[in-house]
Amino acid sequence: MQDNFLAYAEDALDYGVMGVLILMSIVTLWLFIERMMFYNGIRLNDYKNRDHLEIDLTNNISVISAIGSNAPYVGLLGTVLGIMITFYTMGDAGAVDAKKIMIGLALALKATAMGLIVAMPAIVAYTMVLRKVEKILAAYDILNEDKDS
């Protein structure tokens, strides 16, 4: 029964945490591509109010930021769970086998690495999107200054 539980816990760690991180990565990529396509097709003359433009420009970019800031924590959760499983397995066996400990810890740390791999591109994507928003808003301001003159 305990062996089944440990096998289930290890599978849940691999597929659960890694699955969430992969999903976060896919969502980040999808939102980044969607925002860039939107920005490339935007027509500033369609907007009478700067606030409406800003609302449209910043739609969904907070999700990219949230993924970038929370992915390391999801990875850390996976690492903590993996270490707990490793220590539980060691305690249950009643013997300390350095090889099993190192393998267990290495597998646990892959969750942290994956969390960082997801977070870094998400933060870069968020920064790029935010800069694009600033440039479009500046272009809108310049366009409206020229109309007023």
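So, here's what we can say about the structure. (Residues numbered from 1 in each chain as written. Predicted model: local features only at pLDDT ≥ 70, side-chain atom pairs only at ≥ 80, totals over all residues. Heavy atoms only, no water.)

## Considering the overall build of the protein chain
A count of helices and strands for the protein chain gives 4 helices and 0 strands. Listing every helix and strand of the protein chain by position from the N terminus yields α-α-α-α. Taking 149 residues into account, the globule formula puts the C-alpha radius of gyration at 15 Å, and the protein chain, at 23 Å, lies well above it. Once the C-alpha set of the protein chain is aligned to its principal axes, its extents read approximately 85 × 25 × 20 Å. Burial status across the protein chain gives 29% buried among its 149 residues. Looking at the protein chain alone, contacts between residues at least 24 apart form 86% of all its contacts between residues at least 6 apart. Total accessible area on the protein chain stands at roughly 9600 Å², and carbon and sulfur atoms take up 66% of it. (Helix = DSSP H or I, 4+ residues; strand = E, 2+ residues; numbered from the N terminus. Rg over C-alpha atoms; globule rule 2.2 N^0.38 Å. Buried < 20%, exposed > 50% of the residue type's maximum accessible area, 1.4 Å probe, protein only. Contact = heavy atoms within 4.5 Å. Areas by Shrake-Rupley, 256 points an atom, 1.4 Å probe, with all protein chains shown as cover.)

## Details of the nonpolar core
Most often, soluble globular proteins have nonpolar side chains that are buried together. Counting 17 residues, the largest nonpolar core has Tyr39, Ile42, Leu53, Leu57, Val129 and Ile136 as the members making the most contacts within it. Counting residues per element, the ones that place at least two in this core are α1 (2-40), α2 (50-58), α3 (61-93) and α4 (98-148). The element best represented in this core is α4, accounting for 6 residues. The residues touching Leu53, leaving out its near neighbours within four places in the chain, are Ile42, Leu44, Tyr47, Leu137 and Tyr140. Among the nonpolar cores identified, the runner-up in size contains 11 residues, and Leu13, Met24, Ile67 and Ala119 belong to it. (Core = buried A, V, L, I, M, F, W, Y, C linked by side-chain atoms within 4.5 Å.)

## Notes on the packing of aromatic side chains
Applying the stated criterion to the full structure yields 1 aromatic pair. The interplanar angle of 65° and the centroid separation of 6.0 Å between the aromatic rings of Phe38 and Tyr39 together place this pair among those described as edge-to-face. (Phe/Tyr/Trp six-rings, centres within 6.5 Å; stacked < 30°, edge-to-face > 60°.)

## A closer look at α3
Here α3 is 33 residues long and its end C-alpha atoms lie 48 Å apart, about the 48 Å a rise of 1.5 Å per residue gives. The largest bend in α3 is about 35°, located at Asn70, with the proline Pro72 one to four residues further on. Of all the positions in α3, only Ile61, Ile64, Ile67, Gly68, Ala71, Gly75, Gly78, Thr79, Gly82, Ile85 and Thr86 are classed as buried. Phi turns positive, to about 80°, at Gly94, one or two residues after α3. (Expected span 1.5 Å × (residues − 1). Bend = angle between axes of the 7 residues up to and from the residue.)

## Describing the pattern of salt bridges
In total, this model carries 5 salt bridges according to the counting rule given. Across the pair Asp141 and Arg50 runs a salt bridge whose closest N-O atoms are separated by 2.9 Å. Here Asp141, found in helix α4, pairs with Arg50, found in helix α2; they are 91 residues apart in sequence, far enough to count as distant. Across the pair Arg131 and Glu134 runs a salt bridge, and its minimum N-O distance is 3.4 Å. (Salt bridge = Lys/Arg side-chain N within 4 Å of Asp/Glu carboxyl O.)

## A word on the side chain of Thr79
By the element assignment, Thr79 lies in helix α3. Taking the relative accessible area as the measure of exposure, Thr79 reaches 5% and is therefore buried. Excluding its chain neighbours within four sequence positions, the residues that come into contact with Thr79 are Ala108, Leu109, Ala111 and Thr112.

## Some thoughts on the environment of Arg35
Take Arg35: it is sitting in helix α1. Along the sequence, Arg35 and Val129 sit 94 residues apart, while their C-alpha atoms lie 7.4 Å from each other. Residues within four places of Arg35 in sequence aside, it is in contact with Asp56, Leu57, Thr58, Asn59, Ile61 and Val129. At a separation of 3.2 Å, a polar atom in the side chain of Arg35 contacts the main-chain carbonyl oxygen of Leu57. (Polar contact = N/O pair within 3.5 Å; in protein donor to acceptor, adjacent residues only side chain to side chain.)

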